[in-house]
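Here is how the chains run, residue by residue.
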Amino acid sequence: MSIDWSQLVTWRNFLNVVDILVVTFFIYQLINILRGSRAVQLLKGIAVIILIKVASFFLELQTVDWIVDLVIQWSVLAMIIIFQPEMRRGLEHLGRGSIFNRAKRKVNPGENLVQQLAKAVQYMAKRRIGALISIQMDTELDEFIGTGISLDADISSELLINIFIPNTPLHDGAVIIRDYKIASAASYLPLSESTLISKELGTRHRAAIGLSEVTDAITIIVSEETGGVSVSYKGELLRELSKEDFEKFLSKNLIVIEKEEKKNSFQEMVDSFKKGASK
């Protein structure tokens, strides 16, 4: 049986392949944008609604099917409202041109972060200056950053100390660090409602635990009463850490050796073309 290549290799089929590749590319970029955000949980909820729709259709559950149809009809508007932060971030991502030209990041960008945090925390602990510092990991903290004063400032121990000096405008609330920068100060964190938390712990500790219950952020607490340094992470509170243990914890969780990102195939093709043209 011979293959008729004239029928297979046509302009229409070529356009179909391009069409599929473009859609696949944008789906891949969408997954990258949503990965690590709370939108992933919402997508799981949408998947459940789709399963209910399919089940109600085959089982002929008319009332359930009617209710699900109403939900689906309003889902477009609901998704625009719910995914507004992710959509804005995605458009900014496109605007910066980071899809085709990824910026190279420094090796060990967490080293400076650990050094500045350790220096600031030890200074505040000795003088019993209360502090609450949250560091974004994989889960986005945009909704909490929005409750405070936007800074977008480079990390420095002096700035962190100055923020938490008592009776200054920004000392009440949390500092949130994102992408190795101070994203905001005076931000509000969710208070934990757990009954297992010791009564001797104050609002800062309860807020730190509350954030760790809903995100994977690392939160540092300096006690105003005792000067003790504690860390909340993944629902657990590590209390009264020594200087060595504190720095060891930060180094383990924040210092990551990052290799230079490989260029994608599109960028490699562009670079090859530029080299050829320059000869």
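Scroll up for the structure.
Now for a look at the structure at hand. Everything numeric in this text was worked out from a predicted model, so none of it was measured.

## A few points about a nonpolar patch on the surface
Link 1 in the chain: On the surface, Trp11, Phe14, Val18, Val22 and Phe26 cluster together into a nonpolar patch covering about 520 Å² of accessible area.
Link 2 in the chain: In this structure, Val18 sits in helix H2 (residues 11–34).
Link 3 in the chain: Residue classification places Val18 among the partly exposed positions, given a relative accessible area of 33%.

## Considerations on the side chain of Thr215
Link 1 in the chain: You can see Thr215 is positioned in the loop between helix H10 (203–214) and strand E5 (218–222).
Link 2 in the chain: A polar contact of 3.2 Å, which involves the side chain of Thr215, links it to the backbone nitrogen of Ala217.

## What to know about unusual backbone geometry
Working note: non-glycine residues mostly have negative phi, and peptide bonds are mostly trans.
Link 1 in the chain: Of note in the backbone geometry, Asn167 takes a positive phi value of approximately 70° without being a glycine.
Link 2 in the chain: Mapped onto the secondary structure, Asn167 falls in the loop between helix H9 (157–164) and strand E3 (174–178).
Link 3 in the chain: When its relative accessible area of 75% is taken as the criterion, Asn167 is described as exposed.
Link 4 in the chain: A positive phi angle, close to 60°, is found at Ala186, a residue other than glycine.

## Topic: the sheet that holds strand E2 (residues 149–154)
Link 1 in the chain: Within the open sheet, the seven strands sit side by side as E2-E4-E3-E1-E5-E6-E7. Their pairing is mixed. This sheet does not close on itself; its edge strands, each paired only once, are E2 and strand E7 (236–238). Neighbour-to-neighbour, the strand axes of the sheet open up by a mean angle of 20°, direction not taken into account.
Link 2 in the chain: Strand direction decides the pairing type here: E2 and strand E4 (residues 181–187), joined by four bridges, are antiparallel. By the bridge assignment for E4, Ile149 is matched with Ala185.
Link 3 in the chain: Along the sheet, H9 contacts strand E1 (131–135), E2, E3 and E4; its crossing angle with E1, the most-contacted strand, is approximately 130°.
Link 4 in the chain: Seen against the sheet, H10 touches E1, E5, strand E6 (229–233) and E7 and runs at an angle of roughly 175° to E5.

About the thresholds
Residues numbered from 1 in each chain as written. Predicted model: local features only at pLDDT ≥ 70, side-chain atom pairs only at ≥ 80, totals over all residues. Heavy atoms only, no water. Patch = residues over 30% accessible without salt bridge, like charges linked within 9 Å, V, L, I, M, F, W, Y side chains within 5 Å. Areas by Shrake-Rupley, 256 points an atom, 1.4 Å probe, with all protein chains shown as cover. Salt bridge = Lys/Arg side-chain N within 4 Å of Asp/Glu carboxyl O. Helix = DSSP H or I, 4+ residues; strand = E, 2+ residues; numbered from the N terminus. Buried < 20%, exposed > 50% of the residue type's maximum accessible area, 1.4 Å probe, protein only. Polar contact = N/O pair within 3.5 Å; in protein donor to acceptor, adjacent residues only side chain to side chain. Pairing = 2+ DSSP bridges. Axes fitted to C-alpha atoms, helices over the stretch in contact; angles between N-to-C directions. Contact = heavy atoms within 4.5 Å.

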